[in-house]
Amino acid sequence: KLLRIKPLKSMADLRKEAAVSVPPRHSYAKSADLVDLATVVQGLHYDLRYTTSNNLFGEPLVLSKKAYLDRSAAQALGRVQKDLRSYGYGLVIWEAYRSWSDFKLATLALGEKYKNYLPKAENGFSHNTGRSIAVSLYELSTGDAVPMICDVDSVSLAQYSDYPGGTELERWQRDLLREQMTKEGFTASKNKWWHFDYDHKTKYQILNISEP
């Protein structure tokens, strides 16, 4: 089951409200060195859901069509991409860095009913730090996306990383992705099999840059 939400206000009005909102200020020592993933890692496929209408809001949330990530995380992702070749797979990028304003827009669009789906805007979101990424797999032989155990933003037991259902192949593909990502320094989410954080024990600055 895919979560679909109809915002109570137009996305254009909510975007204006988000644009004048003030992001949180933290005195964390580390700040991401954002890079365009396409310039660092070869062979990635991009299905940036929040730049399209194929997401829980039914319309674009993020205006930038590029995927940015911290340089060290991007280099680690490149090693994952390389290691997956021996299994016949490559990485699909569903989401990478998201500016705080875009995150604020998402929290406004969720409304009161779904407010707990994301962290509170005043605390920021891991995707605002440039170290979080949502990924899936594609087949090297065909270029086609792998039909994984569930889609991004699914609201079902299948979203959990230890879900015992699905087919044996689906579980193996999900677990292979987690194994390869964690080997290179990413921490897997227990609640969303597609979500990974790089260097998750370090506190990073919340960033509000639309186009680095």
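Provided above is the structure to which this section pertains.
The shown structure was predicted, so the numbers you read here are calculated from the model rather than taken from an experiment.

Participant: How should helix α5 (residues 168–183) be read in this particular structure?
Facilitator: Along an α-helix, a turn takes 3.6 residues, which lines up residues three or four apart on a common side. For α5, built from 16 residues, the straight-helix expectation of 22 Å at 1.5 Å per residue is met to within 8% by its first-to-last C-alpha distance of 22 Å. Of the positions making up α5, those classed as buried are Glu170, Gln173, Arg174, Leu176, Leu177, Gln180 and Met181. On an axial view of α5, the arc spanned by its buried residues comes to 155 degrees, and they lie on one face. Tucked into the core, α5 has its buried residues touching α3 (71–84), β4 (89–95), β5 (132–139), β6 (186–188) and β7 (195–198). Positive backbone phi, approximately 100 degrees, marks Gly185, located one or two places after α5.

Participant: How do you make sense of the pairing of β5 when you look at a structure like this?
Facilitator: Two faces make up the sheet, and in a regular strand the side chains alternate between them. The element β5 is extensively covered by neighbouring structure, given that 7 of its 8 residues are classed as buried. Pairing analysis gives 6 bridges linking β4 to β5, with the strands arranged antiparallel. From the neighbouring strand, Glu95 faces β5, where its bridge partner is Ala134. As judged from the 3 bridges shared by β5 and β7, these two strands associate in the antiparallel manner. The residue of β7 that forms the bridge with Ile133 is Phe196.

Participant: Could you clarify how one ought to interpret the pattern of salt bridges in this entry?
Facilitator: Going through the model one piece at a time under the given rule, you end up with 12 salt bridges. Of the charged contacts in the structure, one is a salt bridge between Asp33 and Arg71, with a shortest N-O distance of 2.8 Å. In this pair, Asp33 is assigned in the loop between α1 (11–19) and β1 (34–36) and Arg71 in helix α3, connecting sequence segments 38 residues apart. Taken together, the shared-partner salt bridges connect Asp47, Arg49 and Asp151 into one network.

Participant: How should I be thinking about the layout of surface pockets in this particular structure?
Facilitator: One way to see where empty space is left: roll a probe the size of a water molecule over the atoms. The space that makes up the largest pocket amounts to roughly 320 Å³. Along the walls of the largest pocket sit 22 residues, with Leu118, Phe125, His127, Lys192 and His195 positioned nearest its centre. Elements with a minimum of two residues in the lining of the largest pocket: α4 (100–110) and β7. A breakdown of the residues in the lining of the largest pocket according to their chemical character gives 11 nonpolar, 5 polar and 6 charged. For the second largest pocket, the calculated volume is near 230 Å³. Elements that contribute at least two residues to the lining of the second largest pocket include exactly β4 and α4. Broken down by class, the residue content of the lining of the second largest pocket amounts to 9 nonpolar, 5 polar and 6 charged.

How each quantity is defined
- Residues numbered from 1 in each chain as written.
- Predicted model: local features only at pLDDT ≥ 70, side-chain atom pairs only at ≥ 80, totals over all residues.
- Heavy atoms only, no water.
- Helix = DSSP H or I, 4+ residues; strand = E, 2+ residues; numbered from the N terminus.
- Expected span 1.5 Å × (residues − 1).
- Buried < 20%, exposed > 50% of the residue type's maximum accessible area, 1.4 Å probe, protein only.
- Arc of directions from axis to C-beta.
- Contact = heavy atoms within 4.5 Å.
- Pairing = 2+ DSSP bridges.
- Salt bridge = Lys/Arg side-chain N within 4 Å of Asp/Glu carboxyl O.
- 1 Å grid on protein atoms, 1.4 Å probe; cavity = no way out; pocket = protein on both sides within 12 Å on 5 of 7 lines; lining within 4 Å.
- Points joined across faces, edges and corners; volume = space filled by probe spheres on them.
- Nonpolar A, V, L, I, M, F, W, Y, C, P; charged D, E, K, R; others polar.

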